[in-house]
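Here are the chains, one letter per residue:
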Amino acid sequence: MSLDVLIFDVDGTMADTEEAHRTAFNLAFERVRLGWNWSRDVYRRLLKTTGGKERLAAFIQQLDLSPTERQRMLARVPDIHAEKTKFYSSVVHDRAVPLRDGVERLLDEALSAGLRLAIASTTTAVNVDALLESTLGTRGLNLFSVIACGDQVRAKKPASDIYRLALHHLGVAPDRAAAFEDSANGLSAAVAAGLWTVVTPTFWTEGSDFSAAGLVLPSLGSPAAPLAGEPGRQLESAAWLTLAELERRAAPERPSSAVTRLYATA
Ligand code: XBP
Ligand code: MG
């Protein structure tokens, strides 16, 4: 059996973007004179909450504020987040956060083999556009048959909603697709949607429980960025995750039913 679709998470998986997000949040806090500044340690903890607006609300909830002041701050979340999103687009465009090792290679391998590509992300839609355009150029947006992201679903990761939405629009069953994630929340969402999942952790997500993953790698790797100790440690065929090996793992030839096996040997 082979795969029909590869579904990619964006932040942390396609590109290591969370430092750019953190920078954008802090620039927005400065712009609206909030006096906040999220350090890497604080942000790493806040990343347990997916969705920038939800992350801001979670941060406000743990501030020592009067109920009235808390409500006033919570009411400002959409505006603060809109400022952050403006900064994020310019940070991504200016600094061109690169795709992670092996992502563009596997995207191209999949397309050449006739598979479709999709995105299932918690991030805001304009962030996806900005990253795809700055890393893949004008072809970026056209590579993906479905882009499911941000507020298209009410329940964000670890809920499976965004993956189920992507599968619905793709019109494929979960066993015809593989997912790529970087975080425990993302892995939970993909697995809950029935997807075999590859996890490539980053600084922001390493050390989480990835036991439900089909495969955990430092990155997807490529001829230019071979994975240390591969093939042999986890991979069989190369020092990077090839499409062929991915398909062997994600969509193994299903053993025929006992009955047909019985007839086959008769
Ligand atoms: C990662 C997220 C997003 C980003 C910030 O999404 O949880 O919230 O951290 O982007 P994923 P927004 O890993 O699913 O791509 O501020 O636009 O939410
Ligand atoms: Mg992610």
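Every chain is numbered on its own, with residues counted from 1 as its sequence reads. Chains carry letters from A onward and ligands carry numbers from 1 onward, assigned in written order. In keeping with the predicted nature of the model, local features appear solely for residues at pLDDT of at least 70, side-chain atom pairs appear and are counted solely at 80 or more, and the whole-chain, interface and lining totals rest on all residues. Remark: hydrogens and water are excluded; side-chain values derive from all non-hydrogen atoms of the structure.

1. Structural notes on the sheet that holds strand β1 (residues 5–8)
Okay, step 1: When DSSP finds two or more bridges between two strands, those strands count as paired. Labels follow the DSSP assignment, with helices taken as runs of H or I lasting at least four residues and strands as runs of E lasting at least two, numbered in each case from the N terminus. Taken together, the six strands give an open sheet; going across it, the order is β3-β2-β1-β4-β5-β6, and neighbouring strands pair in parallel fashion. Because the sheet does not close on itself, it has two edges, and the strands there are β3 (146–149) and β6 (215–216).
Okay, step 2: When strand β2 (residues 116–121) meets β3, the two strands line up parallel, connected through four bridges. Residue pairing for β3: I119 is matched across the bridge by I147.
Okay, step 3: Between two residues, a contact is recorded if the distance between any of their heavy atoms is within 4.5 Å. Fitted lines through C-alpha atoms serve as axes, helices being fitted only where they are in contact, and the angles separating the N-to-C directions of these axes extend from 0 to 180 degrees. Relative to β3, helix α8 (residues 161–170) is tilted by about 160°, and along the sheet it contacts β1, β2, β3 and β4 (177–181).

2. Points about the coordination of the magnesium ion (ligand 2)
Okay, step 1: Keep in mind that water is not among the atoms, so a site may look incomplete; donors are the N, O and S atoms within 2.8 Å of the metal, or 3.2 Å for Na, K and Ca. Protein coordination of the magnesium ion (ligand 2) is provided by D9 (OD), D11 (O) and D182 (OD), with donor distances spanning 2.1 to 2.3 Å.
Okay, step 2: Read N to C, the donor residues that coordinate the magnesium ion (ligand 2) are spaced as D-x1-D-x170-D. You'll find D9 and D11 in the same group, each marked buried. Note on classification: 1.4 Å probe, protein chains only; a residue is buried when its accessible area is under 20% of the maximum for its type, exposed when over 50%, partly exposed between these limits.

3. Quick word on the packing of aromatic side chains
Okay, step 1: For Phe, Tyr and Trp, rings pair up if their centres lie within 6.5 Å, where Trp contributes its six-membered ring, and each pair is then called stacked (planes under 30 degrees apart), edge-to-face (over 60) or tilted (otherwise). Tallying each qualifying case throughout the model produces eleven aromatic pairs.
Okay, step 2: When the centroid spacing of 4.9 Å and the interplanar angle of 75° are considered together, the rings of W36 and F59 count as edge-to-face. Placement of the pair is W36 in the loop between α1 (18–31) and α2 (40–46) and F59 in helix α3 (residues 52–61), with a sequence separation of 23 residues.
Okay, step 3: Residue class for W36 comes out buried when judged on its relative accessible area of 16%.
Okay, step 4: Taken together, a centroid distance of 5.6 Å and an interplanar angle of 80° make the contact between Y43 and W204 edge-to-face. Here Y43, found in helix α2, pairs with W204, found in the loop between β5 (196–199) and β6; they are 161 residues apart in sequence, far enough to count as distant.
Okay, step 5: Members of the aromatic cluster, joined through ring pairs, are F25, F29, W36, W38, Y43, F59, F203 and W204.
Okay, step 6: For the cation-ring pair, R40 lies above F203, with the distance from its terminal atom to the ring centre recorded as 4.5 Å.
Okay, step 7: Both a distance and an angle decide whether a charge sits over a ring: NZ of Lys or CZ of Arg must be within 6 Å of the ring centre and within 35 degrees of the ring normal. The positively charged end of K84 is found above the aromatic ring belonging to F25, 4.7 Å away from the centroid.

4. Regarding the packing of α3 against helix α4 (residues 67–75)
Okay, step 1: Where α3 contacts α4, the two axes come as close as 10 Å, and the packing angle between them is 165°. Viewed along their axes, α3 and α4 adopt a mutual orientation that is roughly antiparallel. Considering how the two elements wind past one another, α3 and α4 form a crossing that is right-handed. Between α3, through A57, I60 and Q61, and α4, the contact on the second element is made entirely by R70, M73 and L74.
Okay, step 2: Among the residues making up the contact of α3 with α4, the classes are represented as four nonpolar, one polar and one charged. Should an angle lie under 35 degrees it is considered roughly parallel, over 145 roughly antiparallel, and from 65 to 115 roughly perpendicular; all remaining angles are considered oblique. Here is the rule for handedness: rotate from the far helix to the near one, and if that takes an anticlockwise turn smaller than a right angle the crossing is left-handed, while a clockwise turn gives right-handed. Classification convention: Asp, Glu, Lys, Arg as charged; Ala, Val, Leu, Ile, Met, Phe, Trp, Tyr, Cys, Pro as nonpolar; all other residues, Gly among them, as polar.

5. Description of α1
Okay, step 1: Between the first and last residue of a helix there are one fewer steps than residues, each counted as 1.5 Å, and that sum is the expected span. Along its 14 residues, α1 runs 20 Å from first to last C-alpha, staying within 8% of the 20 Å computed at 1.5 Å per residue.
Okay, step 2: Taking burial as the measure, the 14 residues of α1 include ten buried ones, the bulk of the element.
Okay, step 3: Taken together, the buried positions of α1 are E18, A20, H21, R22, T23, A24, F25, N26, A28 and F29.
Okay, step 4: Just past α1, the residue R33 takes up positive phi, approximately 55°.

6. Looking at the pairing of β1
Okay, step 1: Side chains of β1 alternate between two faces, with V5 and I7 and L6 and F8 buried alike.
Okay, step 2: Here β1 runs beside β2; their pairing, made up of four bridges, is parallel. Opposite L6, over in β2, you have L117 as the bridge partner.
Okay, step 3: Note that β1 and β4 share four bridges and pair parallel. Paired with I7 across the bridge in β4 is A179.

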